[in-house]
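Chains, contacts and geometry: an overview
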Amino acid sequence: MTRGEDVLVTIDYDLFDLNINGETGIFISKSEANGKCLIYIPKNGEWAELKEEHFTRVSPDHVPKENIVFAKSIFRLKITY
């Protein structure tokens, strides 16, 4: 999967009082630790960790222009002193 591509959630999932089934999200990364994917849901501005079988890719390996800048601005948390 490509960072920033659109995905469509295919399961009932309550994300802070919003059922995201049928909502489009933005794929950011896949965790090596638990195998789940980090998906940003623009409709409510929240993040979900979903398994690959819980969503479908809208246009595989295509990143919409509006997602490019957003995806590039997301970084892993780094602790600095």
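Shown above is the structure to which this text applies.
Here, residues in each chain are numbered from 1, in the same order as that chain's written sequence. Note on the predicted model: pLDDT of at least 70 is required for a residue's local features to be given, and 80 or more for side-chain atom pairs to be given and counted; whole-chain, interface and lining totals, by contrast, use all residues. Each side-chain value is derived from all of the structure's non-hydrogen atoms; neither hydrogens nor water enter the calculation.

Any two strands are treated as partners once DSSP identifies two or more bridges connecting them. A run of H or I in DSSP becomes a helix once it reaches four residues, and a run of E becomes a strand once it reaches two; helices and strands are each numbered from the N terminus. Read across the sheet, five strands follow the order E4-E3-E2-E1-E5 without closing on themselves; strand pairing throughout is antiparallel. This sheet does not close on itself; its edge strands, each paired only once, are strand E4 (46-50) and strand E5 (55-57). Adjacent strand axes in the sheet meet at a mean angle of 40° when their direction is disregarded. Together, strand E1 (6-9), strand E2 (24-30), strand E3 (37-41) and E4 form the strand contacts of helix H1 (residues 65-72), whose direction differs from that of E2 by roughly 40°. Fitted lines through C-alpha atoms serve as axes, helices being fitted only where they are in contact, and the angles separating the N-to-C directions of these axes extend from 0 to 180 degrees. Contact between two residues is taken to exist if any of their heavy atoms lie within 4.5 Å; hydrogens are not considered.

Attention now goes to the nonpolar core. What makes a nonpolar core is a set of buried Ala, Val, Leu, Ile, Met, Phe, Trp, Tyr and Cys residues whose side-chain atoms join them at distances within 4.5 Å. Whether a residue is buried, partly exposed or exposed follows from its accessible area with a 1.4 Å probe, protein chains only, as a fraction of its type maximum: under 20%, in between, or over 50%, in that order. Core analysis: the largest hydrophobic core is formed by 12 residues, namely Val-7, Val-9, Leu-15, Leu-18, Ile-20, Phe-27, Cys-37, Ile-39, Ile-41, Ala-48, Leu-50 and Phe-55. Those elements that provide at least two residues to this core are E1, E3 and E4. The greatest single-element share of this core, amounting to three residues, is contributed by E3. When neighbours within four sequence positions are excluded, Phe-55 is seen to be in contact with Met-1, Val-7, Leu-8, Val-9, Thr-10, Cys-37, Ile-39 and Leu-50.

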